[in-house]
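Descriptive analysis of the structure
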Amino acid sequence: MTEVLAPLPVLIPLLGAAGALLVSGHPVFQRALSVAVLTAVLGVSVALLFVADAESASSVSVGGWPVPLGIVLVVDRLSALMLVVASTVALGVLVFAVGQGAADGQEETPLSIFHPTFLVLVAGVSNAFLAGDLFNLYVGFEILLMASYVLLTLGGTAARIRGGITYIIVSLTSSLVFLAAIGLVYAATGTVNMAQLAVRLGELPEGTQVLLQSMLLIAFGIKAAVFPLSAWLPDSYPTAPAPVTAVFAGLLTKVGVYAIIRTQTLLFPGGALDDLLMWAALATMLIGILGAVAQSDLRRMLSFTLVSHIGYMVFGIALGTAAGLAGAVFYVAHHIAIQTTLFLVAGLVERQGGTTSVDRLGGLARRSPLLAVLFFVPAVNLAGIPPLSGFIGKLGLLQAGVAEGSALAFTLVAGGVVTSLLTLLAVARIWTRAFWRSPSQPPAEESAAAAAADATSRRRPDGVPVEDGAASADGRPRTALQDAWRRHTAVATATEPDVAPAAGAVRALRPLPRTMVGATAGLVALTVSLTGLAGPLYGLADRAAGDLLDRTPYVTSVFGTEEVP
Amino acid sequence: MTPTIVLPLMVGGLYAAGVYLLLDRSLTRVLLGFVLLGNATNLLVLSSGGPAGLAPILGYSDPEQINDPLPQALILTAIVITFGVSAFLLAIIHRSWRLVREEVVGTDEEDRRVAARRTLDADELDPDELAPDDRIAGHADSLAGDAEELADDVDLPAGSGRR
């Protein structure tokens, strides 16, 4: 059964992408095709999860080559679970994007490109989750990265190009580090098959092991946005269209986390760099959340919380115990859903209020109660308010940390609690200012500066080349900002920023397309249902963690026996 | 079968030059740096296949003497990926040049804005402590003088009438 099903999560979206490209002239048909493809992927993933949970890991040699030579796809509990969560949120985001596209016509995103690229992205993510050898993992990363480059720079406005370039260069660097690591791993062991590596890497001298492990961890750490390799993320994510940011936030960093899990459990189970990872986790949590508290833009705030909460997962992985890994796996599933949902809500807020800057939003709770509920529920879930799934995930991780008992683990437990509280502070600030505040009093100082920034960023994307070269691109916004600044720093009172009158005001609300609201509401319901399903899900995470620590199910599934050539 | 020193030297030199170029702010140099780094990595993978040997074709050469074909297959894949990414990066650089007439990595304005923000938040100011002229429109003390002006602004969000 697995033999037929396992390649499908990669194949269906790739073929679907080709099909979607062929019918790009018929938007309605193209949308229907993409949704159908992702529904099929979701169905296959769920089936794989049931099979994997029933009979542990299984593998397929694609192309029929004997095992250590050919490409192997491995389905175990962890990869099947990741597939299910990933395809669920991808489907939700796609429906949201379809709603947005149908409402906008083709004014913003060239739709004919969006759908095929999105499907290729899903294929890359699936391939990374299923890959049974390091090089196929690299190919999976490249597929999803290539698609993400296109999605991030869709439409090619100046802001997106600026954010996109940072993202592309950083991702390329991480890919090159990964490729170099693969070369060195092959030189040291003569194989790239992960099951075989699991045995052979352990026979290497300790220094070589640490070198290879740290190279892999650096490569994956960049992708997962682990501090100090996380600075690129809040810089590039907020510029993209809402559905793109949502799927990136949910999936791409988690692919990095998944790869870190595999590295730390399957390839290098010795735990040589665990302490280092612990410190990295602590720094990721605290520095990320401090950044989030400082932000006044909803999307940027969410990007920083994304970085911050990666720290929880790395914490669980670095503990190296079954409880820690189970907590990390559960937290990954929870966080994929929650972060995607929040970014979709940010897209709705932007659509309704015309901006995501909380200084220019206000009174959303009264004017749009549905939107307020859609934001409030996942936001408190992110902060970890009982009894929601965020609380369960954090509790599991903190318990695992306490059970481990070292001083470092207790430091991280304390850091985790502080991060959780600061997350609550960050979302509460957004809530009080964007939703709760009376709409008639936007504080003018920031809105004027933001208006200036907004005006410049709007001037450039029009495609009109700025006449006087670099000076204007660099100089003008700055002087406009400084002017706005000077006018308003003395006292933050004036209600009429005269830089750009329209931008200083709370805009009239635009109606929200039903499909977009429906998709977001569906994902919010999913995040809430994770609370109800937490029992079975945590059980599954426990079993997956057991497999990961045991390692034999993975190796046996690839070679058929425990004897590895 | 003697180990060669040429490959490691090449790899090291290319990595050094590539990293140097990658750290530049000019995007064209970044692209060149990326190409150099890509080639350095490819050579590294190539050298991981062990010493040089004959072409790995069945029946053409003795299996004892052939070169390891796997790194070569990996490199071919990597070359294709590097090529595609380079083309995309070039297109992005071109687009950036068309849009803003510059091909350097841009600054994140929002980032600067957050960094330059005053420590005191506008929300936290007490209007009563400010000079009367500076108070928020609609504040109790300013209402008396500006009643006329404000009349049509009462229900609307500020500024919306002017749009």
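Nothing here was measured: the structure is a model prediction, and the numbers come from that model.

Observations regarding the overall build of chain B
Across its full length, chain B carries 5 helices and 0 strands. Across chain B, helices and strands are ordered from the amino to the carboxyl terminus as α-α-α-α-α. Considering only residue pairs separated by 6 or more positions, chain B has 47% of its internal contacts joining residues 24 or more positions apart. Carbon and sulfur atoms make up 62% of the accessible area of chain B, which totals about 10000 Å².

A word on the overall build of chain A
Regarding its fold elements, chain A presents 24 helices and 2 strands. For chain A, buried positions account for 65% of its 565 residues. Expressed as a percentage of contacts within chain A between residues at least 6 apart in sequence, the contacts between residues at least 24 apart total 81%. Split by element, the accessible area of chain A, about 17900 Å² in all, is 67% carbon and sulfur.

Comments concerning helix H6 (residues 134-152) of chain A
In this model H6(A) runs 26 Å from its N-terminal to its C-terminal C-alpha over 19 residues, within 8% of the 27 Å that 1.5 Å per residue would give. Within H6(A), 15 of the 19 residues are buried, which leaves it mostly tucked inside the rest of the structure.

Looking at the nonpolar core
Residues and elements named next belong to chain A. Membership of the largest hydrophobic core comes to 217 residues, with the highest contact counts inside it found for Phe118, Leu134, Tyr167, Phe178, Phe248 and Phe435. Among the elements that make up this core, the one with the highest residue count is helix H14 (residues 322-353) (18 residues). Those residues within four positions of Phe118 in sequence are excluded, and the remaining contacts are Leu38, Ala90, Val93, Leu94, Leu151 and Val247.

So, the confidence of the model for chain B
Residue and element names in this part refer to chain B. Looking at chain B as a whole, its pLDDT mean stands at 74, while 69% of the residues score no less than 70. Put simply, helix H5 (residues 140-150) is where chain B has its lowest mean pLDDT, 43, and helix H1 (residues 6-22) is where it has its highest, 92. Low confidence marks residues 135-163, where pLDDT is under 50. Its contacts with residues over four positions away, or in another chain, come to 29 contacts. The ipTM assigned to the predicted complex is 0.77, against a pTM of 0.82.

Points about unusual backbone geometry
With the exception of glycine, most residues fall at negative phi, and the peptide bonds are largely trans. Residue and element names in this part refer to chain A. Residue Phe227 is joined to Pro228 through a cis peptide bond whose omega torsion reads 5 degrees. As for its placement among the helices and strands, Pro228 is situated in the loop between helix H9 (206-224) and helix H10 (232-236). Of note, the phi angle at Ala225 is positive, near 60 degrees, even though the residue is not glycine. Backbone geometry places Arg551, a non-glycine residue, at a positive phi of 70 degrees. Examined against the element boundaries, Arg551 turns out to sit in the loop between helix H23 (534-550) and helix H24 (552-559).

Some points on the environment of Leu145(A)
Residues and elements named next belong to chain A. Checked against the element boundaries, Leu145 lands in helix H6. Residue classification places Leu145 among the buried residues on the basis of a relative accessible area of 4%. Taking C-alpha positions, Leu145 is 28 Å from Val517, a pair spaced 372 residues apart along the chain. If near-sequence neighbours (up to four positions away) are discounted, Leu145 is found in contact with Tyr167, Ser171, Ser175 and Lys223.

Brief notes about the packing of H6(A) against helix H7 (residues 158-189) of chain A
Residue and element names in this part refer to chain A. Interhelical geometry of H6 versus H7 gives an angle of 170 degrees and a closest axis separation of 10 Å. Here H6 is positioned roughly antiparallel relative to H7, judged by the angle of their axes. Together, Leu134, Phe135, Leu137, Tyr138, Phe141, Glu142, Leu145, Ser148, Tyr149 and Leu152 of H6 and Arg160, Gly163, Gly164, Tyr167, Ile168, Ser171, Leu172, Ser175, Phe178, Leu179, Ile182 and Val185 of H7 make up the contact between the two elements.

Quick look at the environment of Thr263(A)
Residue and element names in this part refer to chain A. Locating Thr263 in the fold gives a position in helix H11 (residues 242-267). Given the relative accessible area of 1%, Thr263 is considered buried. Each C-alpha atom of the pair Thr263 and Ala318 lies 11 Å from the other, and the pair is 55 residues apart in sequence. Setting aside residues no more than four positions away along its own chain, Thr263 makes contact with Leu216, Leu217, Phe220 and Phe268. There is a polar contact of 2.7 Å between the side chain of Thr263 and the backbone oxygen of Ala259.

Overview of the side chain of Asp133(A)
All names here are of chain A. Relative to the helices and strands, Asp133 resides in the loop between helix H5 (111-130) and H6. One buried charged side chain, Asp133, makes no salt bridge at all; its nearest oppositely charged neighbour is Arg262, positioned 12 Å away. Once residues within four sequence positions are removed from consideration, Asp133 is found in contact with Gly70, Ile71, Val72, Val192, Asn193 and Met194.

A short note on the pattern of salt bridges
Summed over all chains, the structure comprises 7 salt bridges over all chains. Of the charged contacts, one joins Asp53(A) and Arg77(A) as a salt bridge, the two residues approaching to 2.7 Å between their closest N and O atoms. Here Asp53(A), found in helix H3 (residues 27-55), pairs with Arg77(A), found in helix H4 (residues 77-104); they are 24 residues apart in sequence, far enough to count as distant. Of the charged contacts, one joins Asp24(B) and Arg29(B) as a salt bridge, the two residues approaching to 3.4 Å between their closest N and O atoms. By relative accessible area, which is 28% here, Asp24(B) ends up partly exposed.

Quick notes on the packing of helix H12 (residues 274-294) of chain A against helix H13 (residues 298-319) of chain A
All names here are of chain A. Between H12 and H13, the least distance of the axes is 7 Å, while the angle of their chain directions is 160 degrees. Taken together, the axes of H12 and H13 lie roughly antiparallel to each other. When the axes of H12 and H13 are compared, the crossing they make is left-handed. In this structure, H12 contributes Asp274, Leu277, Met278, Ala281, Thr284, Met285, Gly288, Ile289, Gly291 and Ala292 to the contact, and H13 contributes Met301, Phe304, Thr305, Val307, Ser308, Ile310, Gly311, Tyr312, Val314, Phe315, Ala318 and Leu319. Taken together, the residues of the contact of H12 with H13 break down into 15 nonpolar, 6 polar and 1 charged.

Some details on the packing of aromatic side chains
Evaluation of the coordinates by the stated rule reveals 21 aromatic pairs over all chains. Between Trp232(A) and Tyr237(A), the aromatic rings sit 5.8 Å apart at their centres with planes inclined by 75 degrees, giving edge-to-face as the arrangement. Each of the two residues, Trp232(A) as well as Tyr237(A), counts as buried. Among the aromatic residues, those joined into a cluster by ring pairs are Tyr149(A), Tyr167(A), Trp232(A), Tyr237(A), Phe248(A) and Phe88(B). Positioned above the aromatic ring of Phe141(A), the side-chain terminus of Lys223(A) is 4.4 Å from the ring centre. Seen from the ring of Tyr312(A), Lys394(A) lies directly overhead, with NZ or CZ sitting 5.3 Å from the centre.

Brief notes about H11(A)
Residues and elements named next belong to chain A. When the terminal C-alpha atoms of H11 are compared, their 36 Å separation across 26 residues agrees well with the 38 Å that a helix rising 1.5 Å per residue should span. The sharpest bend along H11 comes to roughly 35 degrees, located at Phe248. Among the 26 residues of H11, 26 are classified as buried, and the element is accordingly described as predominantly covered.

Examining a nonpolar patch on the surface
A cluster of nonpolar side chains, Ile5(B), Val6(B), Leu9(B) and Met10(B), forms an exposed patch at the surface whose accessible area comes to about 430 Å². Looking at where Met10(B) falls in the secondary structure, it is placed in helix H1.

Some thoughts on the environment of Arg299(A)
Residue and element names in this part refer to chain A. By the element assignment, Arg299 lies in helix H13. The sequence separation of Arg299 and Ile143 amounts to 156 residues, and the corresponding C-alpha distance is 26 Å. Leaving out residues up to four positions away in the same chain, Arg299 has contacts with Pro238, Thr239, Ala240, Pro241, Ala242, Thr245, Phe343, Ala346, Glu350 and Thr356. A distance of 2.9 Å separates the side chain of Arg299 from the backbone oxygen of Pro238, its partner in a polar contact.

Quick word on the pairing of strand E2 (residues 71-75) of chain A
Residue and element names in this part refer to chain A. Of all the 5 residues making up E2, 4 are buried; the element is thus mostly covered by neighbouring parts of the structure. Strand direction decides the pairing type here: strand E1 (residues 58-62) and E2, joined by 5 bridges, are antiparallel. What sits directly across from Val62, in E2, is Ile71.

Definitions and limits used
Counting restarts for each chain: residues are numbered from 1 in the order of the written sequence. In the order they appear in the text, chains get letters beginning with A and ligands get numbers beginning with 1. With the structure being a predicted model, the display of local features is reserved for residues of pLDDT at least 70 and the display and counting of side-chain atom pairs for 80 or more, all residues being used for whole-chain, interface and lining totals. With hydrogens and water set aside, each side-chain value is computed from the structure's full complement of heavy atoms. Comment: elements are numbered from the N terminus, with helices defined as DSSP H or I runs of at least four residues and strands as E runs of at least two. Any two residues whose heavy atoms approach within 4.5 Å at even a single point are treated as in contact. Values of accessible area rely on a 1.4 Å probe in the Shrake-Rupley scheme; residue burial ignores everything except the protein chains shown. Whether a residue is buried, partly exposed or exposed follows from its accessible area with a 1.4 Å probe, protein chains only, as a fraction of its type maximum: under 20%, in between, or over 50%, in that order. Expected span of a helix, by definition, is 1.5 Å for each gap between consecutive residues, and there is one gap fewer than residues. Here the nonpolar core consists of buried residues drawn from Ala, Val, Leu, Ile, Met, Phe, Trp, Tyr and Cys, with membership extended through side-chain atoms lying within 4.5 Å. A score between 0 and 100, pLDDT records how confident the predictor is in each residue. Geometry is summarised by axes, namely lines fitted to C-alpha atoms with helices restricted to the contacting stretch, and by angles between N-to-C directions that run from 0 to 180 degrees. Any angle between 65 and 115 degrees counts as roughly perpendicular, while under 35 counts as roughly parallel, over 145 as roughly antiparallel, and the rest as oblique. By the criterion applied in these results, polar contacts are pairs of N or O atoms within 3.5 Å in which, for protein atoms, one can donate a hydrogen and the other can accept it, and in which residues neighboring in sequence qualify only through two side-chain atoms. A residue counts as positive if it is Lys or Arg and as negative if it is Asp or Glu; His and the chain ends are not included. Here a salt bridge means any side-chain nitrogen of Lys or Arg lying within 4 Å of a carboxyl oxygen belonging to Asp or Glu. By definition, any crossing whose near helix is turned counterclockwise from its far helix by less than a right angle is left-handed, and any crossing with a clockwise turn is right-handed. The residue classification treats Ala, Val, Leu, Ile, Met, Phe, Trp, Tyr, Cys and Pro as nonpolar and Asp, Glu, Lys and Arg as charged. All others, Gly included, are polar. Only Phe, Tyr and Trp rings take part, Trp by its six-membered ring, and two of them pair if their centres are within 6.5 Å. Stacked means planes under 30 degrees apart, edge-to-face means over 60, and tilted covers everything else. A ring is considered to have a charge above it if a Lys NZ or an Arg CZ atom is located within 6 Å of its centre and within 35 degrees of its normal. Note that the bend at a residue is defined as the angle between axes fitted to the seven residues ending at it and the seven residues starting at it. Surface patches are drawn from residues lacking salt bridges whose relative accessible area is over 30%; two like charges belong together within 9 Å, two nonpolar side chains (Val, Leu, Ile, Met, Phe, Trp, Tyr) within 5 Å. The pairing criterion is simple: DSSP has to find at least two bridges between the two strands.

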